[in-house]
Amino acid sequence: MPTVLNTPSDEKTGTVTSKPVIVIEHLYKQFGRNVVLEDFSLTVYKEENVVVLGKSGAGKSVLIKCVIGLLKPDKGNIMVLGENVTALNDDDLDRVRSKVGFLFQANALYDSMTVRENLEFPLRRHWINISQKEVEKMVKEALENVALLHTLDMMPSELSGGMLKRIALARTLILKPEIILYDEPTTGLDPVTAREIDQLILKLQKKYHTSSIIISHDMNCVKNIADRVILLLDGKCYADGSYDELEHSTDQKIKQFFE
Amino acid sequence: MAKQGENNIKLGLFVLAGLLVLMVAFYMIGKNRNIFGSDFELKARFSSLNGLMEGNNVLFSGIQAGTVKSIEMVNDTTIEVTLQIDSKVKSFIHKNALAAIGTEGLMGNKVVNIQPVKAASFSVSNGDMLTAQKLISTEEMLQTLSKTNNNIASISEALKATVLRLDSSAIFDILNDKTIGPSLKSSLGNINKASKNASDMTMGLNELVTQIKQGKGAAGLLLTDTAFAGNLKQAITKLKSASDNANKLTLQANMIMTSVNHDMNDGHGTLHALLKDSLIARKISISLDNVMKGTDGFNQNMEALKHNFFFKGYFKDLEKKKQANKALPVQ
Amino acid sequence: MSLITNTEDFLEQTGKISRFAGHFFSHGIKPRFEIKELLSQCYLIGYKSFPLVGLTGFIMGLVLTMQLRPSLVSYGVQSELPVMVGIAIVREIGPVITALIFAGKIGSSIGAELGSMKVTEQIDAMEVSGTNPYKYLVATRVVATTLMLPILTLLGDAISLFGAYIGVNISSVTSLRFFFTQVFQSLTYSDIVPAVIKTLFFGFAVGIIGCYKGFNSTKGTQGVGISANSAVVLSSVLIFIIDLLTVQLTNLIGLN
Ligand SMILES: Nc1ncnc2c1ncn2[C@@H]1O[C@H](COP(=O)(O)OP(=O)(O)OP(=O)(O)O)[C@@H](O)[C@H]1O
Ligand SMILES: [Mg+2]
């Protein structure tokens, strides 16, 4: 069982008081001749919500995929909870991953499985010896968190986009991870549902004291949940500051995002 | 989870069904190939195998009795064949049984036929050597048949001439004619040969008929044609009687010859011969009648065979060859 | 759709597939074994394909018999019909037709399934959830196709022969028992064993190609469609190539 962080949050002051959970140093990643990340560095501290902004195709998804070890960077180090994910073997990587939640841009729910099986999957895979009773309890709890308990035995194809997003969120959170990586949690949703998702993220973050990297284009969402905002531009960390700081920035490139 | 269990049961059934099919297939083949049979072996030596191979079937009185296990050259004219015999059949095979190489149908696989012999004998024991029978192929049989026919025809020709002379001239002339002795003798020799051929033939054809009855006939063709089998049987019966006749005739003629020769050599010469005149003349004439009848019957049989569609091709070929031979000197 | 655009592509493709297949042996069949997933794939791939294989097998046996009959009759050897049909089905037609049907059904479904899993990041999601997708998705499917196709072929052969039996009985009368006696009279182990072994390879080819195409699917529904399609085309071609190799090999080692 993962240890749930119990240290109380010092509210959203933007000030850094706790130890770093993710440290990205001089990250390089290119696909063929397409250079996506070039000397990117970022540190995320405990119980901090960092929002990454960036144009489509800037490499935001690539960045967080590198963090969870889905992509191997060409150069640079990524320390997650004190372990260098670029140099871990499969078993150790799995151990780190069990403490990191990842919400995919396109949900990535297994469409051949029911909602229940989707939620059970990471549980049973990461904690092999978990009992059936415990699994059921945790699945119920995760679904209650997103208020979708009634969909337990439905197939993903029977659910709406917003419901899918929430189920995906539930799946991401079911392991009670210490770190959550959200890839565009509100994109493609109506404003009302998007707000619901925002609130959900905040609520869960309060409940489980998680740290997260959130990728978003939705400025309302950014405003609501960001402790810190990063602007990814040309493969580098172009700007780094609180929402207010960036909103009032005079830099033309930063301003574009806040119009 | 209950569904998973159910699916696994279905999968289990499916896999077992597949394995069952495989096992049944292996068993069926094994039964045919005698893999699960006994280690009971018999041996036979042949001078030629005519294409017999390891794994070919062994038939005992026409039923599947095993397979050819191994083939080994003993020397340049002897090949030893080891037969693996089914345990169910082995107790019925006697030591004096004959092994022969035959064919399943006219152009099928080679088989080893084990034929029981009427005379009493002990049952075989493991590793016994069976007496080999010279193989009779259909081809050979037909060749013999035609030779016999020719022989009988020429004999009857010769005898006919003799009879004509006997009829026309005085018995005196015959007796005086020094040539008649040897010619008669050679005729008798021919008859002998012919009758031997005929009896060989009969045996061969008999075997063929048996084979046909067993359904091993000419590539399934004969299988359906029971009428043909009947014809053949009839032909064989007639052939048998013809050869019997020929045999009888040979005996009679031989007796006459001996007595005539005897008389002449003894110097009793003509007088004695004259005394016997009427008797001899009658006897010779009866004998020749018999010969005629025998050959007639035989020729009829041959005709019948010729008309049978199965042998048609063969006789046509024969005819063609004959014509070709005739044509050759003219060129 | 052109399968091969140029030689370089072809070679690259071949190399990648070989490496993908090599990965199966170097990593796919090492622990941890995904037994449960393997069983459920065996169920889906084997059991669920059975009705289709059975139906096509039955029709094939029936039609083959009816087609062969006239020419055998003209040679006067129609009594050899079971023998001919038996050899044809067991040695060649059963394995190849079953494998082609299998490639059509399973190859495309694996290609499309893994393809859509790939483009919707389900494969990445699996990896994040502590699961090696190669072992969980590829190895199980490849093992399942490799093991299930021989079983399907055996059952298909049996049903095909039953179809042939009915075909023989349309215009003459034979007992089932005599029919099978005749069929097995001319069959040997060297007819069945290579036929079973080659279906193992057929199954492996269908599985590997389906998974490779799915795993390397490009984005979008079109990419998934192409994966499914080229999985079927390529595995069908491979089936024939393997078939050719097997017949040459069995000839070479004198099993014929
Ligand atoms: N697996 C891959 N192979 C090759 N190129 C890739 C791959 N993944 C991403 N890229 C490229 O990397 C670049 C960044 O892609 P990425 O998905 O990170 O964009 P993004 O910032 O997430 O954009 P969006 O906001 O649209 O999701 C793109 O140009 C993309 O073409
Ligand atoms: Mg993205």
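Right above here is the structure, for reference.
Analysis parameters
- Residues numbered from 1 in each chain as written.
- Chains lettered and ligands numbered in written order.
- Predicted model: local features only at pLDDT ≥ 70, side-chain atom pairs only at ≥ 80, totals over all residues.
- Heavy atoms only, no water.
- Helix = DSSP H or I, 4+ residues; strand = E, 2+ residues; numbered from the N terminus.
- Rg over C-alpha atoms; globule rule 2.2 N^0.38 Å.
- Buried < 20%, exposed > 50% of the residue type's maximum accessible area, 1.4 Å probe, protein only.
- Contact = heavy atoms within 4.5 Å.
- Areas by Shrake-Rupley, 256 points an atom, 1.4 Å probe, with all protein chains shown as cover.
- Lys, Arg positive; Asp, Glu negative; His and termini not counted.
- Charge placed at Lys NZ, Arg CZ, Asp CG, Glu CD.
- Donors = N, O, S within 2.8 Å, 3.2 Å for Na, K, Ca; no water.
- Buried area = accessible area lost by both parts, 1.4 Å probe.
- Salt bridge = Lys/Arg side-chain N within 4 Å of Asp/Glu carboxyl O.
- Polar contact = N/O pair within 3.5 Å; in protein donor to acceptor, adjacent residues only side chain to side chain.
- Nonpolar A, V, L, I, M, F, W, Y, C, P; charged D, E, K, R; others polar.
- Near = heavy atom within 4 Å.
- Phe/Tyr/Trp six-rings, centres within 6.5 Å; stacked < 30°, edge-to-face > 60°.
- Lys NZ or Arg CZ within 6 Å of the ring centre and 35° of its normal.
- 1 Å grid on protein atoms, 1.4 Å probe; cavity = no way out; pocket = protein on both sides within 12 Å on 5 of 7 lines; lining within 4 Å.
- Points joined across faces, edges and corners; volume = space filled by probe spheres on them.

S.K.: How do you make sense of the overall build of chain A when you look at a structure like this?
M.R.: Helix and strand counts for chain A stand at nine helices and 10 strands. Since a compact globule built from 259 residues should have a radius of gyration of about 18 Å, the 18 Å found for chain A is in line with a globular shape. Evaluated residue by residue, chain A yields a buried proportion of 55% over its 259 residues. The contacts of chain A with a sequence gap of at least 6 include a subset with a gap of at least 24, amounting to 68%. Surface accessibility of chain A: about 11,600 Å² in total, with carbon and sulfur atoms responsible for 50%. Looking at charge distribution, chain A has the averaged site of its 32 positive side-chain charges lying 2 Å from that of its 37 negative ones.

S.K.: For this particular structure, what's the right way to read the coordination of the magnesium ion (ligand 2)?
M.R.: Residue and element names in this part refer to chain A. For the magnesium ion (ligand 2), every protein donor is listed as S61 (OG) and Q105 (OE1), and the spread of their distances is 1.9 to 2.3 Å. Note that S61 is positioned in helix α1 (residues 60-68) and Q105 in the loop between β6 (100-103) and α3 (115-126), a separation of 44 residues in sequence. Assessed through its relative accessible area of 34%, Q105 is described here as partly exposed.

S.K.: Before we go on, may I ask you to explain the interface of chain C and chain A in this structure?
M.R.: Contact residues are listed per partner, giving 17 residues for chain C and 24 residues for chain A. Together, the buried faces of chain C and chain A total about 1,700 Å²; carbon and sulfur atoms form 49% of this surface. If you look at where chain C meets chain A, you find four salt bridges. In this structure, the salt-bridge partner of C:E121 is A:K65, at a minimum N-O distance of 2.7 Å. Taken together, the connections running from chain C to chain A amount to 10 residue pairs in polar contact (both at pLDDT 80 or more). The set of elements that each furnish at least two residues to the side of chain C that touches chain A consists of α4 (81-119) and α5 (122-128) of chain C. Element by element, the count of residues in the side of chain C that touches chain A is highest for α5(C), at six residues. Across the side of chain C that touches chain A, the residue classes break down as five nonpolar, six polar and six charged.

S.K.: Sorry if this is basic, but what is going on with the site of ligand 1 here?
M.R.: Residues and elements named next belong to chain A. Inspection of the region around ligand 1 gives 14 residues, with S56, G57, K60, S61 and Q105 positioned closest. At 2.9 Å from an oxygen atom of ligand 1 is found a main-chain nitrogen or oxygen belonging to G59. With three residues, α1 is the largest single contributor of residues to the shell around ligand 1.

S.K.: Looking at this structure, I do not really get the environment of C:T14. What am I missing?
M.R.: Residues and elements named next belong to chain C. As for its position among the elements, T14 is in helix α1 (residues 7-28). When its relative accessible area of 34% is taken as the criterion, T14 is described as partly exposed. A polar contact is formed between the side chain of T14 and the backbone oxygen of F10, at a distance of 2.6 Å.

S.K.: Can you help me understand the interface of chain B and chain C in this one?
M.R.: Reports of interface size often rely on the accessible area that becomes lost once the parts have come together. Taken residue by residue, the interface counts 25 residues in chain B and 27 residues in chain C. Roughly 2,300 Å² is buried in total at the junction of chain B and chain C, and carbon and sulfur atoms are behind 74% of that figure. Three residues, B:L11, B:F14 and B:I29, lead the burial of chain B against chain C; their summed loss comes to 27% of the area buried on that side. Counting every contact that joins chain B to chain C gives zero salt bridges. When the residues that make up the side of chain B that touches chain C are grouped by side-chain class, the tally is 16 nonpolar, seven polar and two charged.

S.K.: Quick question: what am I supposed to make of the packing of aromatic side chains here?
M.R.: What characterises a pair of aromatic rings is the spacing of the ring centres plus the angle enclosed by the ring planes. Counting across every chain of the model gives 20 aromatic pairs over all chains. For the ring pair A:F121 and C:Y136, a centre distance of 5.3 Å and an interplane angle of 85° mean the geometry is edge-to-face. Taken as a pair, A:F121 in helix α3 and C:Y136 in helix α6 (residues 133-171) lie in two separate chains rather than in one. Given the relative accessible area of 8%, C:Y136 is considered buried. A ring pair is formed by C:F24 and C:F25, whose centres lie 5.1 Å apart and whose planes are at 80°; its orientation type is edge-to-face. Taking relative accessible area as the criterion, C:F24 reaches 5% and is therefore assigned buried. An aromatic cluster is defined as three or more aromatic residues linked by ring pairs; in this entry it consists of C:F58, C:F162, C:Y165, C:F179, C:F180 and C:F184. One cation-aromatic arrangement involves A:R171 over A:Y110; the distance from NZ or CZ to the ring centre is 4.7 Å.

S.K.: In this structure, what is going on with unusual backbone geometry? I would like to understand it.
M.R.: Comment: phi is negative for the bulk of residues other than glycine, and the bulk of peptide bonds are trans. Omega for the bond connecting C:P31 with C:R32 falls within 30 degrees of zero, at 10°, which places this linkage in the cis form. Within the secondary structure, C:R32 is located in the loop between α1 and α2 (35-45). The phi angle at A:D234 is positive, at roughly 55°, despite the residue not being glycine. With respect to the helices and strands, the residue A:D234 is situated in the loop between β9 (228-233) and β10 (236-241).

S.K.: Any chance you could explain empty space enclosed by the protein here in plain terms?
M.R.: Where empty space is left in the structure can be found by rolling a water-sized probe over the atoms. Per the stated rule, a full pass over the model turns up nine cavities of 30 Å³ or more. Volume-wise, the second largest cavity comes out at about 140 Å³. Lining of the second largest cavity is provided by 18 residues; of these, A:F102, A:R171, A:T172, C:V128 and C:S129 occupy positions nearest its centre. For the lining of the second largest cavity, the secondary structure elements donating two or more residues are β6, α3 and α5 (161-173) of chain A together with α5 of chain C. Among the elements that take part in the lining of the second largest cavity, β6(A) stands out by supplying four residues, more than any other. Residue classes in the lining of the second largest cavity are distributed as 10 nonpolar, six polar and two charged.

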